[in-house]
Amino acid sequence: SCEDFTVTQYKVPKDVNNKWSVEATGDRNIEDILSEKAADREDAFFIIDLGRVTDKYKRWKEELPTVKPFFAIKCNPNTAIIRTLASLGTGFDCASMTEMRQVLGCGVSPSDIIFANPTKMRSHIEFAKGAGIKLMTFDNRDELVKVHSIYPEAELVLRIITDDSHSVCGFSSKFGAPMSSVEDLLSTANSLGCTVRGVSFHVGSNCLSPLAFEKAITSAAAVFRLAEGYGYRMDFLDLGGGWPGVDGADVTFSDMAAAVRPLLPLFPPHVRVIAEPGRYFVADSHTLAVNVFAKRATDEGGYLYYVNDGVYQSFNCIYFDHYSPRPRLLRGGEEEELHRSTLFGPTCDSIDCVAKDIYLPELNVGDWLYFTNMGAYTVAAASSFNGFDSCPTTFYIESDV
Ligand code: PLP
């Protein structure tokens, strides 16, 4: 059972076994809360709104009621979020032993976890076997043979390649079986005696077109038909990630759901459908506040500001997730004259630049800036380079969205 796993002995977020307190927002808006927390402090901090996570779950159930979301914790392995989603009834997508251990440590059943990394280390497969996590993806013959030799009872899901050209972060250069290899894989699986339950895909993270889902689902349906010829009556479809974290001008979650819904009847009614949303659940749950701790005037009449979170910490999303963070000034200042400004992070490295040549009112040392939509691929990959904390202090709130 899940209690058999002690998560503390592994490198997991330090709050994994802790309690956290959640404040009700009452009549306060996010700026009121940020101002309260910013008083008398210098270090950067996050406000995480668990109400938004819950709201996203409700919206998912409304738009895609027959698709069970398995939160991809890669995107943000925050334990409070994992526990919130687990209590709502989601499953989880894990890519490594540590992720599996963390989710199990939160009391999640092994049957609600998919080990969705198509290339897996031996020890991680052995861990999954010991924990009773059966569902796992593969996309090539060597992986199939390896998994079978270690864990013959694994329930395999064939990850197929997708057209990821509509996505900001594509995966098809690294993962996904080409359709031309599918029959060979099914035939090998059949001769080894593997259980192949179904098909998965990932259209790429931050996908901007519902067309990508339409094409991938159509390919998945073709694999289901092919599989019958190799003795497999598949019963599992995994729609992967790619779901928007924030509704944008290009695409909304509703657009994606509307494209997917009419295609689900392509699969027989006994097929269990899941998806692996990551950013969808967390992108808008985090607001990051940073303090201006130093300032320099430039010869051109602009300013360089130094703030206490940068690209080696939460703002790694600028590099890894192609995010353009937009600062807002907590004290207002909308009517003030604007100056050409650059924001640097705290490390002694010039690449540590959060925003270059933007226009802001003149800031003072001690002013606070804040950034919304900072929940996806931020803290997940933060480091403590140069001795600065990888994850700022976190306060939890629960708004009625
Ligand atoms: N599933 C897998 C296997 C992934 O690699 C990822 C990461 O992108 C996700 C799900 C989450 O997808 P997204 O970032 O689009 O939410």
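Residues numbered from 1 in each chain as written. Predicted model: local features only at pLDDT ≥ 70, side-chain atom pairs only at ≥ 80, totals over all residues. Heavy atoms only, no water.

Engineer: Before we go on, may I ask you to explain a nonpolar patch on the surface in this structure?
Structural biologist: The grouping of Tyr319, Phe320 and Ile351 at the surface amounts to a nonpolar patch, some 330 Å² of accessible area in total. Here tyrosine 319 is to be found in helix 11 (residues 317-320). (Patch = residues over 30% accessible without salt bridge, like charges linked within 9 Å, V, L, I, M, F, W, Y side chains within 5 Å. Areas by Shrake-Rupley, 256 points an atom, 1.4 Å probe, with all protein chains shown as cover. Salt bridge = Lys/Arg side-chain N within 4 Å of Asp/Glu carboxyl O. Helix = DSSP H or I, 4+ residues; strand = E, 2+ residues; numbered from the N terminus.)

Engineer: Would you explain the site of the ligand in this entry?
Structural biologist: Neighbouring the ligand are 15 residues; Lys74, Ser205, Gly242, Glu276 and Tyr377 lie closest to it. Take glycine 278: an N or O atom from its main chain is 2.8 Å from an oxygen atom of the ligand. A distance of 2.4 Å separates an oxygen atom of the ligand from a polar side-chain atom of tyrosine 377. The protein chains hide 94% of the 390 Å² of surface that the ligand would expose on its own. Per-class residue counts for the shell around the ligand are five nonpolar, five polar and five charged. (Near = heavy atom within 4 Å. Polar contact = N/O pair within 3.5 Å; in protein donor to acceptor, adjacent residues only side chain to side chain. Nonpolar A, V, L, I, M, F, W, Y, C, P; charged D, E, K, R; others polar.)

Engineer: Would you explain the domain arrangement of the protein chain in this entry?
Structural biologist: A common way to express how large an interface is: the accessible area buried when the components associate. Here the protein chain is described as being made up of domain 1 (2-48 + 283-398) and domain 2 (51-280). Contacts between the two partners involve 29 residues from domain 1, matched on the other side by 31 residues from domain 2. In total, about 2500 Å² of surface goes out of reach between domain 1 and domain 2, with carbon and sulfur atoms giving 62% of it. Between aspartate 284 and lysine 56 there is a salt bridge whose closest N-O contact spans 3.6 Å. Seen at the junction of domain 1 and domain 2, the total is six residue pairs in polar contact (both at pLDDT 80 or more). Here the side of domain 1 that touches domain 2 takes three residues from strand 19 (residues 393-398), the largest share from any one element. (Domains from an automatic or database assignment. Contact = heavy atoms within 4.5 Å. Buried area = accessible area lost by both parts, 1.4 Å probe.)

Engineer: Looking at this structure, how should I read the packing of helix 6 (residues 141-150) against helix 7 (residues 182-192)?
Structural biologist: Packed helices, taken two at a time, are described by their axes: the angle between them and the distance between them. Look at helix 6 against helix 7: their axes get within 10 Å of each other, and the N-to-C directions meet at 20°. In terms of orientation, helix 6 and helix 7 fall into the roughly parallel class. In this structure, the crossing between helix 6 and helix 7 has a hand that is right-handed. Taking contact as the criterion, the partners of Arg141, Leu144, Val145 and His148 in helix 6 are, on helix 7, Asp184, Leu185, Thr188, Ala189 and Leu192. (Axes fitted to C-alpha atoms, helices over the stretch in contact; angles between N-to-C directions. Parallel < 35°, antiparallel > 145°, perpendicular 65-115°, else oblique. Left-handed = near helix turned anticlockwise from the far one by under 90°.)

Engineer: Whenever I open this one, the confidence of the model for the protein chain confuses me. Can you help?
Structural biologist: The predicted coordinates should not be examined in detail at positions where pLDDT is low. Taken over all residues, the pLDDT of the protein chain has a mean of 94, while the share at 70 or more is 96%. With pLDDT under 50 throughout, residues 1-14 is counted as low confidence; its partners more than four residues away or in other chains account for 24 contacts. (pLDDT = per-residue confidence, 0-100.)

Engineer: Got a minute to help me understand the nonpolar core in this structure?
Structural biologist: Most often, soluble globular proteins have nonpolar side chains that are buried together. Formed by 103 residues in total, the largest nonpolar core has its most connected members in Phe201, Met234, Leu237, Leu239, Trp243, Leu343 and Leu369. Shared between two domains, this core holds at least three residues of each, these being domain 1 (2-48 + 283-398) and domain 2 (51-280). Non-local contacts of leucine 237, meaning those with residues more than four positions away in its chain, are made with Val199, Phe201, Ala220, Phe224, Leu264, Phe267, Val271, Arg272, Val273 and Ile274. The next biggest cluster of nonpolar side chains, apart from the first, holds 11 residues, and it includes Ile33, Leu34, Ala289 and Leu330. (Core = buried A, V, L, I, M, F, W, Y, C linked by side-chain atoms within 4.5 Å. Buried < 20%, exposed > 50% of the residue type's maximum accessible area, 1.4 Å probe, protein only.)

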